[in-house]
Amino acid sequence: LSLSLSLCVQMGSVNRAGLVQQNAYNTSDSEEYSSALDNIEPLSVVLEETSLSVHAPLVTSLNDRIRPLLDAVDQLRHLKVMQEGIQLPTIVVVGDQSSGKSSVLESLAGINLPRGQGICTRVPLIMRLQHHPNPDPELFLEFHGKTVPTDETHIAKAIEEATKEIAGDGKGISHTPLTLVVKKNGVPDLTMVDLPGITRVPVHGQPEDIYEQISAIIMEYIKPEESIILNVLSATVDFPTCESIRMSQRVDKTGERTLAVVTKADKAPEGLLEKVTADDVNIGLGYVCVRNRIGDESYEEARMEEDRLFNNHPLLSKIDKSMVGIPVLAQKLGQIQATSISKCLPEIVRKISDKLNMNISELSKMPKKLSSVAEAMTVFMQILGSSKESLKKILVRGEFDEYPDEKHMHCTARLAEMLNHYSVQLQKSAENKSTENFLMEEISVLEEAKGIGLPNFLPRSAFLTILQKRVKAISGTPIEFVAQVWEYIETVVLAVLMHHSENYPQVQSSTRRAGQNLIAKMKEKSSQVVTEIVEMEKLTDYTCDPEYMTVWGKLMENQNVFNEAMENHSKPTNITIEGFGEIEVEHLRRYPGVRNEAFDMKMRITAYWKIVLKRLVDCMALHLLYSIQMLVNRDMENEIVNELMGSGSDGIERMLEESPSVAAKRERLKKSTKLLKESKEIVARIQDRVAINEG
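Within an unreviewed UniProt entry, the label attached to the chain reads Dynamin-related protein 4C-like, and the organism entered is Davidia involucrata.

Draft legend 1. Structural context of the overall build of the chain. Tallying secondary structure elements over the chain gives 23 helices and 11 strands in all. Relative to its full complement of 695 residues, the chain shows a buried share of 50%. Put simply, of all contacts in the chain between residues at least 6 apart along the chain, 79% involve residues at least 24 apart. Carbon and sulfur atoms form 51% of the exposed surface of the chain, whose accessible area is close to 33,300 Å².

Draft legend 2. Expanded view of the environment of K351. Following the sequence through the fold, K351 ends up in helix α12 (residues 326-365). Remark: the alpha-carbon pair of K351 and Q87, spanning 264 residues in sequence, is separated by 9.1 Å. If near-sequence neighbours (up to four positions away) are discounted, K351 is found in contact with I86 and E226.

Draft legend 3. Seen up close, the packing of aromatic side chains. Within this structure, the stated rule accounts for six aromatic pairs. Seen in terms of ring centroids, Y422 and F481 are 4.4 Å apart; in terms of plane orientation they differ by 15°. Their pairing is stacked. Placement of the pair is Y422 in helix α14 (residues 411-430) and F481 in helix α17 (residues 476-500), with a sequence separation of 59 residues. Overall, Y422 belongs to the buried group, its relative accessible area being 0%. The class of F481 is buried, set by a relative accessible area of 2%. For the pair F562 and F599, a centre-to-centre distance of 4.8 Å together with 20° between the ring planes defines the contact as stacked. Note that F562 is positioned in helix α20 (residues 559-567) and F599 in helix α21 (residues 595-645), a separation of 37 residues in sequence. The buried category is assigned to F562, whose relative accessible area is 0%. Accessibility expressed as a relative area gives 0% for F599, which makes it buried. The rings of F463, Y548 and Y608 are connected pair by pair, giving a single aromatic cluster. Sitting over the ring of F239, K275 keeps its end group 4.4 Å from the ring centre.

What counts as what
Residues numbered from 1 in each chain as written. Predicted model: local features only at pLDDT ≥ 70, side-chain atom pairs only at ≥ 80, totals over all residues. Heavy atoms only, no water. Helix = DSSP H or I, 4+ residues; strand = E, 2+ residues; numbered from the N terminus. Buried < 20%, exposed > 50% of the residue type's maximum accessible area, 1.4 Å probe, protein only. Contact = heavy atoms within 4.5 Å. Areas by Shrake-Rupley, 256 points an atom, 1.4 Å probe, with all protein chains shown as cover. Phe/Tyr/Trp six-rings, centres within 6.5 Å; stacked < 30°, edge-to-face > 60°. Lys NZ or Arg CZ within 6 Å of the ring centre and 35° of its normal.

So, in structure tokens, the structure goes:
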């Protein structure tokens, strides 16, 4: 015990000046605490090394040392700091229905709690017990932001009325806690949370899922590592069958933070010694056996009877005196509480400071509340400027530092991939894999294009007919590609615009609409340009690219092999032509007058088609690069300005109206920050008091 108290004192002297600062909190606080934390023994070890007075009064000299720390934790709990994700050391009382939970708490507090059939505790009851030198006790309830004074005579009724107000009439339960403060001479300084007793079968008036509801509340309180579980067990039942044991074992498998109170020892003394010494259910903090108060016994009479029972009973007297009696329980709980608070306090300080710093940082990043059109205009231009810069980086310059892990936003890379895929698609759609009916299309067209004139001249109309047919076959691919590209660019542009205007949701709808309108216009314009390019390719045949003549000449080198197969019938009818593979040509022997012209035209079309496909890719690339430049440097700004500031638009004025979501977030952060600052001041004051008392 002296170890835990010395730790409390050590913590009181650590960096108190830093705690009252309202700005940045240095993480060195936790480093200064670390040496103290290294020496903290597990609760079970502390209890084993501490001798417990068999006849200890409920109030011990420990109270004066614990009280400041307990006050700090209670004040933090009252401030609802746990709602900020900061867990507090808490003694949580759990037990199956009719396990005697209420009797134990009554004996510790010296007051009468609600009794009756079914669930008596329908809300979490936070019991704050405080030794009070004044002979006149002070009792009051705290709930729903109000304080209701009461007295020992009417406390049970007051709790019932407050419970009805919180959980409603009937037998339903609620997660909302009710706080009972008991300032009374002779009670131990303890804070405990009493939870509803566990029942599996709903009685009349209870919801069908009563077990699930109670389980959820219990797990909420006992799951945090900071919670000490006070498990109330009846001596009349098998401990392993108790539902409360099963629940505590789910979150505390080793039992290092579980203390068991065995009630009704006088009802089932046989085998009790073996049950508490064998410890089949892993109770790491030990057992305390108690006798329940019976009938109209006063608390003093009940303690005398309890003392007599464990001293004189032939079976119960064999149980070690450090494991029996309400006074021993009170002393154990006090020691556990002191050690737990001492152990948790540095982490509480660190979490409060971390959360406070995070809130302050988040508040600083929130948009300034605008009060004039001039301010709104300035902010609007900042949004527009930052959006343009981001889009230049990701769409034009290929810089992805703003989105290092979002590959979707690495736009130059994605656009290059899309263009490569488009090129491959064009090639595939233009390929004619069939080796059958070689030259038959060309022969058919030449037959219909012949006229009166000199022989050995290829009719240009035949060439254009075949070219137009090919262009028409792939004309849908460029249009589809344009649509795909602008759909992608739209997602990127809108993501950037929404990101930079997220602090002003009141103008996001207008900004989004402007972005969508702009992309729609760009998409339509690109579709027109691509359609014109395709139509130009249909209209005529032209290129100054020398590759056309080079490729045509190379292909025509195959004509000798072709002619030899046509004229020498002893030769195989399957020949290999570079660029076409193995071709069956026997059917062409029936067209001696036109097959050479058809072969020439085939090679010309093949050579020229390579130029056409390359041109469709190159023109598309240049057009997209130009369009993106115009989008970022000129069109986007004009479109958004017109949308928000055009005739009849009130976009800028709307920026002066803070959105409900932003206002709610700002208010929540302010409240949270105020709470956390108060929490730091509370901890600082308590640490100072502990240090002064020790001095």
